[in-house]
Amino acid sequence: MCLTCGHVGCCDSSRGRHATAHFEATGHPLMRSVEPGETWAWCYVDRQGFETAEVALEDPPAHEADQLESARPFVDALYREFLGRGIEYFFPEARLEMLGAAAGGRARAGELEFDGFGFRYRLSTAEGAFSTDEARLLDSILRVLSARYHVLFDAALAARRLHLFHGLPEDRYVSAFLDPTPYADTPSPVPDRVSDAIQVLRVSALTTYENRRIETGVLLFGATPEDCHAPPPRPPAALPYSTALTAIRSFHRLCDGLQTLALVGRDGMLVELVDVHEWAAAYAGLPLPVPTIERYAAHSRATLCGGHVCLVLTPNGEIKIFADGRQVFSFLDGRWRLTDARQKYAAWRHAVGDERVAERLFTVALNLAEDRRGALFVILDDSTTAGHIIPPGDLLAEPRTASPRAGKQGLHYLLRDTNLLRIAPAVLESVARIDGAIVSDASGRLLAFGTILRPPARVDPEVAAMEGGRTTAALAASHFGKVLMVSEDGRVSFFHGGRRAWQL
């Protein structure tokens, strides 16, 4: 039975499929079973089935307003389910609790309570407080679901905003984080350019050209006025930046994502091709809010002003999104991740103490992660504890005779009596690729490199059995100082005090 008009039709298991035909003809999205004892319902727009016993079966309401209201409990139940799924996707380690009726107010940094679809919720995590970006992402999830929810009860609004149901909901949450305009309470003529760009990169990621994976990128012109770049004019016969472009085989060759980007205007049209380094040169005098991957430093800088957003499909098949001068999202291993790089770097810098050492190792770790190279950096709180984790013979302070037969120890003289800040970043990356860890004291003085750390006696055997060797070594070494670990899957993790403080 249609929950909008009360029409009754057979389901898809019948030859006529009259319920589906009714949706296609009228756009009425919700229906429920009228079989005795069944409480399931179906949303054609979201293609989502759900069960609810909140509304008893009854005769179709006589008036249209009553018809809509009779559907509301089903929609509320469905959207509470969507809310829980969205939060579980982006906050897998958090706990969501329903507290009762809505009390008013939105989530802010450090707050764990918010309203959604008539109820008050509490979101809690072992870390205690949520960062500003995490609260903003939570608000974006609510914004998208709220916009979709209101479309279902307003036919006039549905005619203008049905496109909000296209694509994956996670893409929409990311989009609303970067540009909430398309999800405002008042319909905006501005298209959802972020979501459209994500779709282009998704399709491109599944494509090859001359048996090679596609690399490409796009710069979405921002809405904030700035002096460095004027809004680009719209050329005659301009094409929308959409998945239709991916059918043009040469399109990906025009913008490689690393040097050149497609420029998209506020109206969603492809208007120009730009060199990202030339674009970013206008902001050369401005500092970045957080160290970034050297390869994509220009992409971060290109978004420092004006509200511009840059999306790149990398050779690894990863989608990176840059905004506000930093990378904010990464689509890796089939899921989106909020980088929250500003807060994580701040925690690392505070723990290290020396800002120059913290920045050097953080940047080197990001570059190694981008190249999918594993590494381990240890900064000891007390250099006298070096013997607890560094095997005999690996300490650089121990003099040895240079000899080809001495193995790695014979090369110790090359890095003896040096400091992390005096080693060129490219050289430090090369040294980090050697199996084992780089160990320094709190001032950055190099104590050992390529050292296989001593057996982790202070690590729980069950944890050691579950984690890999590098992670187990990082956990053990973190009892003696700060540890930055780079995994070969592109992740960077910070360990301190015998636990993982964050993962980027």
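Our subject is the structure that appears above.
These figures come from a predicted structure and were not determined experimentally. (Residues numbered from 1 in each chain as written. Predicted model: local features only at pLDDT ≥ 70, side-chain atom pairs only at ≥ 80, totals over all residues. Heavy atoms only, no water.)

Orientation of helix α11 (residues 355-370) relative to helix α13 (residues 425-432), taken along the N-to-C sense of each, is 60 degrees, at an axis distance of 10 Å. Compared by their axis directions, α11 and α13 come out oblique. The chirality of how α11 crosses α13 is right-handed. Here Arg360, Leu361, Val364, Asn367 and Leu368 of α11 lie close against α13, whose contacting residues are Pro425, Leu428, Glu429 and Ala432. Within the contact of α11 with α13, the residues separate by chemical class into six nonpolar, one polar and two charged. (Axes fitted to C-alpha atoms, helices over the stretch in contact; angles between N-to-C directions. Helix = DSSP H or I, 4+ residues; strand = E, 2+ residues; numbered from the N terminus. Parallel < 35°, antiparallel > 145°, perpendicular 65-115°, else oblique. Left-handed = near helix turned anticlockwise from the far one by under 90°. Contact = heavy atoms within 4.5 Å. Nonpolar A, V, L, I, M, F, W, Y, C, P; charged D, E, K, R; others polar.)

Here we take up the sheet that holds strand β13 (residues 309-313). Taken together, eight strands build an open sheet; the order of strands is β10-β12-β11-β9-β13-β14-β15-β16 and the sheet is mixed. Either end of the sheet is taken by a strand with one partner, and the two such strands are β10 (239-240) and β16 (335-338). In terms of strand pairing, strand β11 (residues 260-264) meets strand β12 (residues 269-275) through five bridges, oriented antiparallel. The residue bridging Thr260 from the neighbouring strand is Asp275, located in β12. In the packing of helix α5 (residues 169-178) onto the sheet, the strands contacted are β13, β14 (319-323), β15 (326-332) and β16, and the crossing angle to β16 comes to about 25 degrees. (Pairing = 2+ DSSP bridges.)

All buried positions along helix α1 (residues 18-26) are accounted for by Ala19, Thr20 and His22. The buried side chains of α1 occupy one side of the element, clustering within an arc of 155 degrees when seen end-on. Projecting away from the buried face of α1 at angles above 90 degrees are the exposed residues Glu24 and Ala25. At its buried positions, α1 is contacted by β1 (30-32). Looking one or two residues beyond α1, the residue adopting positive phi is Gly27, at roughly 80 degrees. (Buried < 20%, exposed > 50% of the residue type's maximum accessible area, 1.4 Å probe, protein only. Arc of directions from axis to C-beta.)

We now examine the pairing of β15. Counting buried positions over the seven residues of β15 gives seven, a clear majority of the element. Of the pairings in the sheet, the one linking β14 to β15 comprises five bridges and is antiparallel in character. In the strand pairing of β15, Ala323 is matched with Arg326. In sequence, β14 turns back onto β15 through a hairpin of two residues, with Asp324 there showing a positive phi of about 55 degrees. Across four bridges, the pairing between β15 and β16 is antiparallel. Note on β16: the bridge partner recorded for Leu332 is Arg335.

What follows concerns the sheet that holds strand β4 (residues 95-101). Pairing within the open sheet is antiparallel, and its three strands lie in the order β4-β6-β5. If you trace the sheet from one side to the other, it starts and ends with β4 and β5 (113-116), each paired once. Recorded for the sheet is a direction-independent mean angle of 30 degrees between the axes of neighbouring strands. Both β5 and strand β6 (residues 119-124) contribute to a ladder of four bridges, which runs antiparallel. From the neighbouring strand, Asp115 faces β6, where its bridge partner is Arg120.

Attention shifts here to the packing of aromatic side chains. Scanning the entire structure with this criterion turns up 18 aromatic pairs. Relative to Tyr149, the ring of Tyr79 lies with its centre 5.7 Å away and its plane at 80 degrees, an arrangement referred to as edge-to-face. A residue pair is termed long-range when its members are at least 10 positions apart, and Tyr79 in helix α2 (residues 64-90) and Tyr149 in helix α3 (residues 132-151) qualify at 70 residues. Against the face of Phe177 rests Arg136, its NZ or CZ located 3.9 Å from the ring centre. Note that Arg335 overlies the ring of Tyr89, its terminal NZ or CZ placed 4.3 Å from the centroid. (Phe/Tyr/Trp six-rings, centres within 6.5 Å; stacked < 30°, edge-to-face > 60°. Lys NZ or Arg CZ within 6 Å of the ring centre and 35° of its normal.)

A few words now on the packing of helix α10 (residues 341-352) against α11. The contact between α10 and α11 brings their axes to 8 Å, and the two run at 135 degrees. By the criterion of interaxial angle, the relationship of α10 to α11 is oblique. Helix-helix and strand crossings are classified by hand; for α10 and α11 the assignment is right-handed. On α11, the residues touching Tyr345, Trp348, Arg349 and Val352 of α10 are Glu355, Val357, Ala358, Glu359, Leu361 and Phe362.

In this structure, Tyr79, Phe90, Tyr241, Ile321, Phe329 and Trp336 are the most contacted members of the largest nonpolar core, which totals 68 residues. Sort the elements by how many residues they give to this core and α2 lands first, with ten residues. With sequence-adjacent residues up to four places away left out, Tyr79 is seen in contact with Asp46, Phe117, Leu145, Arg148, Tyr149, Leu152 and Phe165. Judged by nonpolar contacts, the second largest core, of 51 residues, contains Ala302, Ala375, Phe449 and Phe494. (Core = buried A, V, L, I, M, F, W, Y, C linked by side-chain atoms within 4.5 Å.)

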